[in-house]
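Structural description and commentary
The chain contents come next:
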Amino acid sequence: MTAATAAVDLDDAYSGYLDCLADADEYAATDLAIALLDAGVPAERVLLDLVAPAQAEVGERWARNEWSVAQEHAATHISEQVVAAVSAYAKSRPTRGRVVVACMDGEWHALPPRLVAEVLRLRGWQVTFLGASVPAAHLVSYLHRYDAHAVALACALPMRLPYAHRMIEACRRSDVPVVVGGRGFGADGRWARRLGVAWAPDAPSAAELISDERALRGVPAARLAHLADDEYASLLRRRGELIDSALAELRERVPAAREYTAAQLDATVSDLGHIVDFLAAAVYVDDASLFTEFVQWLAGILRSRGVPAGAVALPLEHYAAALRDFPRAGRMLALGCAALPATAH
Amino acid sequence: MTASDVRDYDPGDGRLSTPSTTRPSAWSADVRPRPTVALPPLAPDPRQAAPDWFEVVEHFREGLVVCDADGVVRHVSPVAERLLPEVTPGELLSAAGVPALSEGAPAGFIHRGRQLTARQVPLSDARCCWYVEDVTDSASRADALLAERARSAFLAVVGDKLGNPLHPDRAAAAIVRLAVPALAEVAVLVLAPRAGRARWWRGSRTDDEAPTVDSGVLAGGDLPAAIADGLTGVEPHAVDWLVEQAVDAGWLPGLAGTESAARVVPLPGRDAPVGVLLVARRATRWYDEADVELIRAFAARAGAALTTALLYRDQAEVADTLQASLLPVEPVEAAGVQWGTAYRPAQAGLRIGGDFYGSHRLADGGSVFFLGDVSGKGVEAAVFTGQLRQCLQALHRLESHPARLLRLLNDALLETTQAHGQGRFATIVLGVARPERDGGLTLTMAGGGHLPPLVLRASGEVEAVPLRGMLIGVVSDPRVGEVTVRLAPGETCLLYSDGVTEARGGRRGDELFGPERLVTALTGCQRMPAPALAERVEQVTCDWLAQGDHDDIAVLALRAAGLSARGARHLHSVPAGLDQAGETPA
């Protein structure tokens, strides 16, 4: 089979695979992937050109409110089973050192790092995949126990960057080089550079980076001098108080908010908390674009769920008033407000 | 030359500048020589006659050479005479053979083994004066200070890097990487042989790049003599043949034996040295006494790091083995059941806790399953769960009726806890699942004081199963609740521990997650596979906790897989349960 026909097969297979995910048919999805392997499509291509784009599409469908969280979880689970089946089919034998792959603490998007883990395994590394939301203590005790050539850490949400940084430092203290990936570090990895850690945009480049120990260790140091202004730590301290007062104001100004069910209230509190967390993360890496991108994303998510964009503008303005003594956070909130669609104000 | 020659001149570098130079009337009284200059005390009384100008100047630490407009030396002070005996009054300065005393030459130079600085100051009538100072002592003191600072900084970095417990291989690689280039161009660490084999690590660098590390193994008998000596604690002193040995061992790429300097120091261990460090560099930088002291200080830190790492490894091996026996075992494959589990112990580094779950297959095709929580946390609780699971493992062969099995378990636990005086107890849900012809499951469950299970109906609704009962391991005849639940194909029963509902989080981090939020999180999830459902419960709980402390969390989900499940074909190709803690099969 030539590469060209394989490509055609993959394109055909893609829509069929999405149907399997939509039907939550784990067995059909696995059969489809195995059939591709039987037809000679390399395992790495099945993972990166079938499973990975399908998973991205699943995320899009959730964001557009076409799929429920339950459907998204079910589809992800099926893709995980498919990845396991592809890996078992390929039966790669480790010829190189050990690489530990894990999600940051609090990070549940385990499929992308799992794909990285399998690509590394296909390329001869002995891979340990620790799974979703790995506590730093667990990771560190694992590194003390088993010598690792490198650790690959995934972070999908920029909100977790401060935790990510702590985790990266914990690995460094064990003298194990770290490579990070995932959207959480920015589309171009700029927040990874800010935190002074090697970054890979995709699985093949992660594999290349891990093969180059000099590149792994030769990363410019973190640039976090701005943390001296204590804005990040103060924001964290005031998190609960900020959410409370934002909620009070929301109830005062939006009568419908007084009638929220317990679940709606939890969702609102969680959204208000996310705004603070993203703001704190933006302050941590001193990059307003982290916050404005989030605000635009949140407005889009809420719009697709019938929540008016004003629901985002209101807490932003509230936080801006409450954080008058925070010059950096204040500037970011102003930029966040400006980034909202005009109807929001 | 008179005082007026320098009166209006500021030397420019500030070293001799005093305001008094512009105040001729106070000149003699206001001259403030630097304190180290041994100068006859000057009378502070301005009325006293000023001392002869030359008399003052001759005692400067700086020597003076005054030349006229033609460059002919007119005056040489005694200090300058001593420092520059070539310079003779009445002759051209340029003819004296001191190139540093010419315009544009660098200020510092070595002359007759002394380190001198010279600066030229123009005087009136195109004359000039050279101020020459001997800075040999202060320069060497400054060098020594800088070297000492560099050594302290190096050791601080070493302490920082090696201060954390490391994996032994990591520690060894870190040691040789740190040694280059501060101590050596090539550093080789040889560990004390284990089972007749000595492992070595080598750090080396080419040009100015970061050092690279490689490693290998030697049979204990093949070690160079100096290394073998070092491993007995002796520091070899005959350094010349040491280099030869290292070259013979193939350890010194790019360094030839004749032009290299090497040292070997033992790394102190608990009793005998834990290893030996060989450092080598080009002979242009010989190892002096200070260097050797630094190497020894480095070796002490390296030895401590390695000893800690080895100790940690030995203990972790034991702990891992014990820990593995206390981890919940994934449920065994059973016809018609799709299992899903989640487990998150309170102490993340420990990976074991007081929650447990599991299943056993029954001879009639059904399965016994259970999920529970023992009192206490951490290792002791985990050990108790181990006893409990072993009891169940044995007892389910005798009794497969859930309520009777639970009573047997209660008796067995009472006996164990009374014998050990532990006073421990547990809560548990214990059930038997039997597949039905239509692809559904019949679950018969007995309650031992645990949270009642939830059932996800095909409609998307979530029901709490009315199951009561008393703690087990406390009284000899506990009240045991029993209930039978039918799951249609695709329906799921969820067992969970109180780590879920008692998770504290929310706005202030002190609000309980509670059963209502759990029900909300599960509502509408009827199509989720059991593993995804279990992970969802774990995820919403952890999101609620927001990195806060928590109790052990355990979830066991059973889904009626239905008739369409073609499990058999995939059972071997898909590893059951994506193991979060261990390694996935390669």
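Residues numbered from 1 in each chain as written. Chains lettered and ligands numbered in written order. Predicted model: local features only at pLDDT ≥ 70, side-chain atom pairs only at ≥ 80, totals over all residues.

1. Focus on the overall build of chain A
The condition that has to hold: In this text, helices come from DSSP runs of H or I with a minimum length of four residues, and strands from runs of E with a minimum of two, each type numbered from the N-terminal end. What the globule rule says is 2.2 Å times the number of residues to the power 0.38, and the radius of gyration is computed from C-alpha atoms. As a rule, residues whose C-beta atom has 12 or fewer other C-beta atoms within 10 Å are exposed, those with 20 or more are buried, and those in between are partly exposed; C-beta atoms are placed from the backbone. Think of it this way: build a C-beta for each residue from its backbone, and any pair within 7 Å is a contact.
Scanning chain A from terminus to terminus reveals 16 helices and 5 strands. What you see for chain A is a C-alpha radius of gyration of 22 Å, in line with the 20 Å of a compact globule of 345 residues. With the C-alpha coordinates aligned to their principal axes, the bounding extent of chain A is approximately 65 × 45 × 30 Å. Here chain A, with 345 residues, has 47% of them falling under the buried criterion. Considering only residue pairs separated by 6 or more positions, chain A has 73% of its internal contacts joining residues 24 or more positions apart.

2. Side note on the pairing of strand E9 (residues 260-267) of chain B
Residues and elements named next belong to chain B. Let me state the cut-off plainly: Criterion used throughout: strands pair if DSSP finds at least two bridges between them.
Summarising burial for E9: 8 of the 8 residues are buried, a large majority. By the bridge criterion, 8 bridges tie E9 to strand E10 (residues 275-282) in an arrangement that is antiparallel. The residue of E10 that forms the bridge with Ala-261 is Arg-281.

3. With respect to the interface of chain B and chain A
The line we're drawing: For this classification, the nonpolar set comprises Ala, Val, Leu, Ile, Met, Phe, Trp, Tyr, Cys and Pro, the charged set comprises Asp, Glu, Lys and Arg, and every other residue, Gly included, is treated as polar.
Contact with chain B, which involves 42 residues of that partner, is made by 51 residues of chain A. Counting residues per element, the ones that place at least two in the side of chain B that touches chain A are helix H6 (168-179), helix H9 (289-326), helix H13 (514-522) and helix H14 (530-545) of chain B. When residues of the side of chain B that touches chain A are assigned to their parent elements, the largest contribution, 5 residues, is made by H14(B). Looking at the side of chain B that touches chain A, its residues break down into 17 nonpolar, 12 polar and 13 charged.

4. A word on the environment of Gly97(A)
Residues and elements named next belong to chain A. Note on placement: Gly-97 falls in the loop between helix H4 (69-90) and strand E1 (98-103). For Gly-97, a count of 15 C-beta atoms within 10 Å puts it in the partly exposed group. Separated by 86 residues in the primary sequence, Gly-97 and Arg-183 have C-alpha atoms spaced 27 Å apart. Gly-97 has contacts with Trp-125, Gln-126 and His-149, leaving out every residue within four places of it along the chain.

5. Here's the deal with the packing of helix H5 (residues 136-162) of chain B against H6(B)
All names here are of chain B. The test is simple: Only the contacting stretch of a helix is used when fitting its axis, a line to C-alpha atoms as for every element, and angles between N-to-C directions run 0 to 180 degrees. Comment on the angle field: the value is read as roughly parallel under 35 degrees, roughly antiparallel over 145, roughly perpendicular from 65 to 115, and oblique elsewhere. In this scheme, a crossing is called left-handed if the near helix is turned counterclockwise away from the far one by less than a right angle; it is called right-handed if the turn is clockwise.
For the pair H5 and H6, interaxial distance at closest approach is 11 Å and the crossing angle is 165 degrees. It follows that H5 is roughly antiparallel to H6 by the angle criterion. Two packed elements cross with a definite hand, and for H5 against H6 that hand is right-handed. Of H6, the residues touching H5 (which contributes Val-158, Lys-161 and Leu-162) are Ala-171, Ala-174 and Leu-178.

6. As for the environment of Glu293(A)
Residue and element names in this part refer to chain A. Its place among the elements puts Glu-293 in helix H14 (residues 288-304). Judged by the 19 C-beta atoms lying within 10 Å of it, Glu-293 is partly exposed. Taking C-alpha positions, Glu-293 is 9.9 Å from Leu-340, a pair spaced 47 residues apart along the chain.

7. Points about the domain arrangement of chain A
Residue and element names in this part refer to chain A. Stated precisely, the cut-off is as follows: Here the limits of each domain have been adopted from an automatic or database domain assignment.
Partitioning chain A into domains gives domain 1 (1-91), domain 2 (92-223) and domain 3 (227-344). Taking only C-alpha atoms into account, the centre of domain 2 sits 30 Å from that of domain 3. Each side of the interface is counted separately: domain 2 has 6 residues, and domain 3 has 9 residues. Going through the elements one at a time, helix H7 (161-173) and helix H8 (190-194) are the ones with two or more residues in the side of domain 2 that touches domain 3. Here the side of domain 2 that touches domain 3 is built from residues that sort into 5 nonpolar, no polar and 1 charged.

8. Side note on the sheet that holds strand E5 (residues 128-134) of chain B
Residue and element names in this part refer to chain B. The strand order across the open sheet built from 5 strands is E2-E1-E5-E4-E3, with neighbouring strands paired in antiparallel fashion. On the outer flanks of this sheet lie strand E2 (73-76) and strand E3 (108-111), each paired with one strand and no other. On average, each strand axis in the sheet is tilted by 30 degrees relative to the strand beside it, whichever way the strands run.

9. Focus on the confidence of the model for chain B
Residues and elements named next belong to chain B. Using the following cut-off: On a scale of 0 to 100, pLDDT captures the predictor's confidence in every residue.
Per-residue confidence for chain B averages 82 on the pLDDT scale, and 85% of its residues sit at or above 70. For chain B, per-element mean pLDDT is lowest for helix H15 (residues 567-571), which scores 40, and highest for strand E19 (residues 492-496), which scores 97. Segment residues 1-38: pLDDT under 50, and 35 contacts once partners within four positions in sequence are set aside and those in other chains are kept. The low-confidence segment residues 567-586, where pLDDT is below 50, has 33 contacts with residues more than four positions distant or belonging to other chains.

10. A few points about helix H13 (residues 262-285) of chain A
Cut-off, in case you're wondering: Here a helix's expected span is defined as the number of its residues, less one, multiplied by 1.5 Å.
In a regular helix each residue adds 1.5 Å, so 24 residues correspond to 34 Å; H13(A) covers 34 Å between its end C-alpha atoms and thus fits that length. With its phi angle positive at about 55 degrees, Asp286(A) sits one or two positions after the end of H13(A).

11. Focus on the packing of helix H6 (residues 136-145) of chain A against H7(A)
All names here are of chain A. Closest axis-to-axis distance for the H6/H7 pair is 10 Å, and the angle between their directions is 15 degrees. Comparing the axis directions of H6 and H7 gives the class roughly parallel. Two packed elements cross with a definite hand, and for H6 against H7 that hand is right-handed. The segment H6 lies against H7, with Ala-136, Leu-139, Val-140 and Leu-143 engaging Arg-166, Met-167, Ala-170 and Cys-171. Along the lines of polarity and charge, the residues of the contact of H6 with H7 split into 7 nonpolar, no polar and 1 charged.

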